[in-house]
Amino acid sequence: MISSKLKHHFLQKKIDKLLAKSASLKVSSDKKINTVAILTRDGDSNIFQLQEMVIEKLKVRNPKIYSYRKFDKNDEKSYKHFSGKDFNWKGDIVDSSLLSFIDEPVDLLICFYPEKQMYLEYLTLLSKASFKIGFAEVNQDLFDLEISVGKEQIDFFLNEAYKYLTIMKKL
């Protein structure tokens, strides 16, 4: 319990520090989108079959997906999922597959989490993605493009993303 509170405290401090630093470093890129990664919660990606919809709507190939799920000792370790146990009490990432996901440079990061979630926000900030799309209700400082829709409207979310990425000549 105490380590969980410490972990959240240190993560929040890291998020605040990264947000302050990233606001001054934001640079827009004219780079075309070839590689896509998706960051989401486990339930959202299962319900909507998010990966397949991204391929269909954005006309991209092989997007990588990484999902947050609450820790359960009965769950198998997966290279597509992470939990709070993949962070130490100081908020540092200890899982190698999660580190490689964050360190991999991608052209587009789709952050499909409609509510604030500390671990997902932290990973969004750490990501080496050159362009980030997410929900407007989460945190306006995280994304290059925010789309204001409900989480049930995945079609509309992806259609809007496609429309704006086309206007910006990224697709």
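These numbers come from a predicted model, not from an experiment.

### A closer look at the pairing of strand S2 (residues 64-68)
- Burial analysis of S2 places four of its five residues in the buried class, which makes it a mostly covered element.
- Pairing analysis gives five bridges linking strand S1 (residues 36-41) to S2, with the strands arranged parallel. Across the sheet, the residue bridging to arginine 41 is tyrosine 68, located in S2.
- In this sheet, strand S3 (residues 81-82) lies alongside S2 in parallel orientation, the contact comprising two bridges. Bridging from a neighbouring strand, tyrosine 68 pairs with phenylalanine 82 of S3.

### Re unusual backbone geometry
- Residues other than glycine seldom take positive phi values, yet lysine 59 does so here, at roughly 55 degrees.
- With respect to the helices and strands, lysine 59 occurs in the loop between helix H3 (50-58) and S2.
- Judged by its relative accessible area of 61%, lysine 59 falls in the exposed class.

### Considerations on the packing of aromatic side chains
- In this structure the tally under the stated criterion is twelve aromatic pairs.
- Their ring planes at 20 degrees and their centres at 5.8 Å tell us that tyrosine 66 and phenylalanine 82 sit as a pair that is stacked. Taken together, the positions of tyrosine 66 in strand S2 and phenylalanine 82 in strand S3 put the pair 16 residues apart, joining distant regions of the chain.
- The exposure class of tyrosine 66 is buried, given its relative accessible area of 2%.
- Of the residues examined, phenylalanine 82 reaches a relative accessible area of 1% and is grouped as buried.
- Ring centres of phenylalanine 82 and phenylalanine 87 lie 6.3 Å apart, and the angle between their planes is 65 degrees; on these two criteria the pair is classed as edge-to-face. Of the two residues, phenylalanine 82 and phenylalanine 87, both sit in the buried class.
- Taken together, the ring pairs in this structure connect Tyr66, Tyr68, Phe82, Phe87, Phe101, Tyr119 and Tyr122 into an aromatic cluster.
- The ring of tyrosine 162 has lysine 59 lying over it, and the distance from NZ or CZ to the ring centre is 4.9 Å.
- Above the plane of the ring of phenylalanine 71 lies lysine 85, whose end atom (NZ or CZ) is 5.3 Å from the centre.

### Topic: the environment of isoleucine 133
- You can see isoleucine 133 is positioned in strand S5 (residues 132-135).
- A relative accessible area of 1% places isoleucine 133 in the buried class.
- The spacing of isoleucine 133 and leucine 145 is twelve residues in sequence and 4.8 Å in space, taken between C-alpha atoms.

### Observations concerning the sheet that holds strand S6 (residues 145-147)
- One open sheet holds the six strands; their spatial order is S3-S2-S1-S4-S5-S6, and the pairing between them is parallel. Each edge of the open sheet is held by one strand with a lone partner, namely S3 and S6.
- Contacts from helix H4 (residues 96-103) reach S1, S2 and S3 within the one sheet, and its direction differs from that of S2 by about 130 degrees.
- Sitting on the sheet, helix H6 (residues 154-167) is in contact with strand S4 (108-112), S5 and S6, with an inclination near 145 degrees to S5.

### Overview of the nonpolar core
- Grouped together as the largest cluster of nonpolar side chains are 50 residues, with contacts concentrated most on Val54, Phe82, Phe87, Leu108, Ile133 and Phe157.
- Contacts of phenylalanine 157, omitting those with residues within four sequence positions, involve Ile110, Phe112, Ile133, Gly134, Phe135, Ile147 and Val149.

Rules and cut-offs
- Residues numbered from 1 in each chain as written.
- Predicted model: local features only at pLDDT ≥ 70, side-chain atom pairs only at ≥ 80, totals over all residues.
- Heavy atoms only, no water.
- Buried < 20%, exposed > 50% of the residue type's maximum accessible area, 1.4 Å probe, protein only.
- Helix = DSSP H or I, 4+ residues; strand = E, 2+ residues; numbered from the N terminus.
- Pairing = 2+ DSSP bridges.
- Phe/Tyr/Trp six-rings, centres within 6.5 Å; stacked < 30°, edge-to-face > 60°.
- Lys NZ or Arg CZ within 6 Å of the ring centre and 35° of its normal.
- Contact = heavy atoms within 4.5 Å.
- Axes fitted to C-alpha atoms, helices over the stretch in contact; angles between N-to-C directions.
- Core = buried A, V, L, I, M, F, W, Y, C linked by side-chain atoms within 4.5 Å.

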